[in-house]
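# Architecture and fold: a report
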Amino acid sequence: MSTIIKNKTNQQILALINQVHKYYTPKLSPFLNPAQCFQAQQILAFQAGDCNAYFSGGYAHAERQRLLLAPSFLPVDEADFEIQLFEIEFNHKFVHLKHSQILGTLANLGLDRECFGDIITDGDRWQFWAEKQFQEFLLQEITRIGHNKVKVLPQPTEQLVAVKNDFSNETIISSSLRMDAVIAAAFHRSRKQVKDLIQSGQVFVNWEHQKHSDYLVTIGDSLSCRGWGRLTILDFLGQTRTNKYQLYLRIFRH
């Protein structure tokens, strides 16, 4: 995570904690990506004080989640996260939607990415999570995805699709913690192939371009490689007898 993004997240979380302590009222973050959630947990371990922290992205194992901070005496429930499930209605007979198309449409609405949670599918239906305050705006503005006519409908959580998991949790062995080495090991590519992809601007770390092959990964980092897939560093498992690194990853392969 870049220093700018990390500092912004630090300030954001500390400001929420201070507001809870000052006003004795719950406070919500926008949707945080996995690296930001991990960072928030580290901050909360030392700075939370007399308040409780909860995370939710609307369903189990959500990647993007909102952080809810509340005074320890105050009970909370799922409604307090103020997130809404939306379903995209389209002609399933003639239209085939892709995650990238939906993300592109949301990105072009003029709202920050942090206003939206996960985009999910069961292989047929598509849904996404967003901050509830934008419901009317989304219903009015999302009428097309690409050239396809669509309609967005709010749904109760009971209508959540059975999420099709396209990821696998795997242990890999990498020669180092450098980004290029980890990507090569995870996607079974040569270091030259990885270097070419990085130099062409096709690799993102925590949703930001990363052109330095020697970037050292850490727990919580999300690495996206266009055309190959995406991985998240879940844990470091130590080193082998030959001083190589064992990493536990969540990998999405295209």
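To be clear, the structure that these remarks concern was listed above.
Throughout what follows, the structure given in this document is the object of discussion. (Residues numbered from 1 in each chain as written. Predicted model: local features only at pLDDT ≥ 70, side-chain atom pairs only at ≥ 80, totals over all residues. Heavy atoms only, no water.)

### Details of the pattern of salt bridges
We count it as follows: The term salt bridge refers to a side-chain nitrogen of Lys or Arg lying within 4 Å of a carboxyl oxygen of Asp or Glu. Starting at the N terminus, helices and strands are each numbered in turn, a helix being any DSSP run of H or I of at least four residues and a strand any DSSP run of E of at least two. Note on classification: 1.4 Å probe, protein chains only; a residue is buried when its accessible area is under 20% of the maximum for its type, exposed when over 50%, partly exposed between these limits.
The full count for this structure, using the stated rule, is seven salt bridges. When the shortest N-O distance is used, the salt bridge between E170 and R253 registers 2.7 Å. Placement of the pair is E170 in strand 10 (residues 167-174) and R253 in strand 15 (residues 245-253), with a sequence separation of 83 residues. According to the relative accessible area criterion, R253 is partly exposed, its value standing at 35%. A salt bridge links K192 to D196, with the nearest nitrogen and oxygen atoms 3.0 Å apart. Placement of the pair is K192 and D196 together in helix 6 (residues 191-199), with a separation of four residues, close to one helical turn. Judged by relative accessible area, K192 falls into the exposed class, the value being 59%. According to the relative accessible area criterion, D196 is partly exposed, its value standing at 38%.

### Describing the sheet that holds strand 15
Applicable threshold: The pairing criterion is simple: DSSP has to find at least two bridges between the two strands.
With respect to topology, six strands assemble into an open sheet ordered 10-15-14-13-11-12, the strand pairing being antiparallel. Edge positions in the sheet fall to strand 10 and strand 12 (208-209), since each of these pairs with one other strand and no more. Here strand 10 runs beside strand 15; their pairing, made up of eight bridges, is antiparallel. The residue bridging E170 from the neighbouring strand is L249, located in strand 15.

### Some points on helix 3 (residues 99-107)
Basically, it comes down to this: Each C-beta atom gives one direction from the helix axis, and the arc is the one those directions make. Two residues form a contact once any of their heavy atoms are found within 4.5 Å.
Taken together, the buried positions of helix 3 are I102, T105 and L106. Considered in projection along helix 3, the buried side chains sweep an arc of 100° and stay on one side of the axis. Away from its buried face, by an angle of more than 90 degrees, helix 3 presents the exposed residues S100 and A107. In this structure, the buried side of helix 3 is in contact with strand 4 (83-89), strand 5 (116-121), strand 6 (126-131) and strand 7 (144-145).

### Considerations on the environment of V203
Relative to the helices and strands, V203 resides in strand 11 (residues 203-205). Among the residues examined, V203 registers a relative accessible area of 1% and is labelled buried. Sequence-wise, V203 and G229 are 26 residues apart; in three dimensions their C-alpha atoms are separated by 10.0 Å. Discounting residues that sit within four places of it in the chain, V203 has contacts with M179, I183, L197, I198, E208, H209, Q210, S224 and C225.

### Overview of the nonpolar core
Here is the rule: In plain words, nonpolar cores are sets of buried Ala, Val, Leu, Ile, Met, Phe, Trp, Tyr and Cys residues tied together by side-chain atoms within 4.5 Å.
In this structure, M179, I183, F187, V217, L231, L247 and L249 are the most contacted members of the largest nonpolar core, which totals 23 residues. Listing elements by their share of this core, those giving two or more residues are helix 5 (179-187), helix 6, strand 11, strand 13 (222-225), strand 14 (229-239) and strand 15. Sorting elements by how many residues they give to this core places helix 5 first, with six residues. Setting aside its immediate chain neighbours within four residues, I183 contacts H188, V194, V203, L223, C225 and W228. Of all hydrophobic cores here, the second largest spans 21 residues; its members include I102, F116, A130 and F134.

### What to know about helix 2 (residues 34-47)
For the record, the criterion: Under the convention used throughout, the expected extent of a helix is 1.5 Å for every residue step, that is, one less than its residue count. In the analysis that follows, any N or O atom pair within 3.5 Å is treated as a polar contact, provided that within protein one partner can donate a hydrogen and the other can accept it, and provided that, for residues neighboring in sequence, both atoms belong to side chains.
Given a rise of 1.5 Å per residue, 14 residues ought to cover 20 Å, and the 20 Å separating the end C-alpha atoms of helix 2 matches this to within 8%. Along helix 2, the residues classified as buried are P34, A35, Q36, C37, Q39, A40, I43 and L44. Capping the start of helix 2 is the job of one residue whose side-chain oxygen sits 2.9 Å from the backbone nitrogen of Q36: N33. Phi turns positive, to about 65°, at G49, one or two residues after helix 2.

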